[in-house]
Structures are given as structure tokens and as C-alpha cells.
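For reference, the chains in residue letters:
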Amino acid sequence: MFSGINAFTLFHVMLSVVGIISGLVVIGGLLTAQRLSGWTPVFVWTTVAATATGFVCSFNGVTPAVGAGVVSRVVLILLLVALYVKKLAGGWNRTYVITAVISVYLNCFVLVAQLFLKMPALQALVPNGNEPPFAISQGIVLLLFVCAGYAAVKRLRAAG
């Protein structure tokens, strides 16, 4: 599965996987009104590192992954300000919840895109990259994260 992949790209992929897994755990905590202080820095800093290293990996022009990376940088800046500068005071708590969910979504968006590009069985379904199976998959991922984000913000309001 990793044949032909250089060490730096593998490092980027591993950061991304850790960021996604820890981010899903953090979202789970947000949905149950639990601050998972051990998981949060793992999620935040692996996601920051994955976003930074993503721009160094092979650049083949502007792609959806590059667009997601640009948006992710802006979102991560807001997340870092909310979490570490404003310390989740007032409305910054909501900003953190929303940006955390968006950050994990963007990583999952790229993951789905990469799976369709790299896995032969999925690539066969979308030879041009714009066929319905790809759009449906991305739509389902987006819907799941919109629902999770809505529920997490609603839970935050109920707890506040």
C-alpha cells in the first residue's frame, strides 16, 4: 500500500491519520460535553503539522486538497486563537467547537479524495474524479460533519 511513497509523504500521511483519529475522539467529547484535555493537543498539533506538511508534498497545481489546505490554515488560526489565546472564554468556546469540527471535516474531505485517487477499486468508479460515487461520498461526509457540528454547538448551549 505504501510502495513508491517517499518518507516525507509517509510522515505527512501519518500526521493526517493521527489528526483525523484524535479529531474524531475530540468531536465525540464535544458531543458528550466532555473536554478531552489529553486528546485535544494531539488533535490540534498533528492537524497543524499535517496542514503545514501538505503544502510541501508533491504539488500538481491547485487541487481540491490544496484548496482544503488553504481553508484549513485559516480555520486552524481561529481554532488556535480560541483555544490558546482566548482560552475558550465567552463566544470563543463556540468558535473552538465549530473550527474543530471544520478542521476534522477538511482532513476527511482530503482523505476521501485521496482514497478515490489511490485505491484502484475506488478509482475505477471515478476515472475522471467527478462521477456520482465521489460526489455522493463527499456529500455524506459533509452531512455527517454538519450534523455533528450542529449537535456539538447545541450541546454547548445546553451546558452553558
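Structure: above.
Our subject in this report is the structure included herewith. (Residues numbered from 1 in each chain as written. Predicted model: local features only at pLDDT ≥ 70, side-chain atom pairs only at ≥ 80, totals over all residues. Heavy atoms only, no water.)

1. Examining the state of the cysteines
Thinking step 1. Counted under the stated rule, the structure contains zero disulfides.
Thinking step 2. Cysteine Cys108 remains unbridged, with the sulfur of Cys147 as its closest cysteine sulfur at 15 Å.
Thinking step 3. Residue Cys108 is classed as buried on the basis of its relative accessible area of 9%. (Disulfide = S-S within 2.5 Å. Buried < 20%, exposed > 50% of the residue type's maximum accessible area, 1.4 Å probe, protein only.)

2. Here we look at the side chain of Thr51
Thinking step 1. Examined against the element boundaries, Thr51 turns out to sit in helix α2 (residues 39-54).
Thinking step 2. Given the relative accessible area of 8%, Thr51 is considered buried.
Thinking step 3. A polar atom in the side chain of Thr51 sits 3.2 Å from the side chain of Ser72.
Thinking step 4. Once you skip the residues sitting within four places of it in the chain, Thr51 turns out to touch Gly69, Ser72, Arg73 and Leu76. (Helix = DSSP H or I, 4+ residues; strand = E, 2+ residues; numbered from the N terminus. Polar contact = N/O pair within 3.5 Å; in protein donor to acceptor, adjacent residues only side chain to side chain. Contact = heavy atoms within 4.5 Å.)

3. Looking at the environment of Leu79
Thinking step 1. In this structure, Leu79 sits in helix α3 (residues 64-85).
Thinking step 2. Look at Leu79 and you get buried, because its relative accessible area is 0%.
Thinking step 3. Here the alpha-carbon distance between Leu79 and Val44, two residues 35 residues apart in the chain, equals 8.4 Å.
Thinking step 4. Excluding its chain neighbours within four sequence positions, the residues that come into contact with Leu79 are Phe43, Val44, Tyr96, Thr99, Ala100 and Ser103.

4. Brief notes about the nonpolar core
Thinking step 1. In terms of nonpolar packing, the biggest core is built from 30 residues, with Leu30, Phe43, Leu79, Tyr96 and Phe145 touching the most fellow members.
Thinking step 2. Listing elements by their share of this core, those giving two or more residues are α1 (7-31), α2, α3, α4 (92-118) and α6 (132-159).
Thinking step 3. The element that contributes the greatest number of residues to this core is α4, accounting for twelve residues. (Core = buried A, V, L, I, M, F, W, Y, C linked by side-chain atoms within 4.5 Å.)

5. Brief notes about the packing of aromatic side chains
When we look at a pair of aromatic rings, we describe it by the centre distance and by the angle of the planes.
Thinking step 1. As enumerated under the stated definition, the model contains four aromatic pairs in all.
Thinking step 2. Aromatic pair Trp45 and Tyr84: ring centres 5.8 Å apart, planes at 25°, arrangement stacked. In this pair, Trp45 sits in helix α2 while Tyr84 sits in helix α3, placing the two residues 39 residues apart along the sequence.
Thinking step 3. An angle of 50° between the planes, with centres 6.3 Å apart, marks the rings of Tyr105 and Phe109 as tilted. Taken together, the positions of Tyr105 and Phe109, both in helix α4 and four residues apart, correspond to about one turn of that helix. Both residues of the pair, Tyr105 and Phe109, count as buried. (Phe/Tyr/Trp six-rings, centres within 6.5 Å; stacked < 30°, edge-to-face > 60°.)

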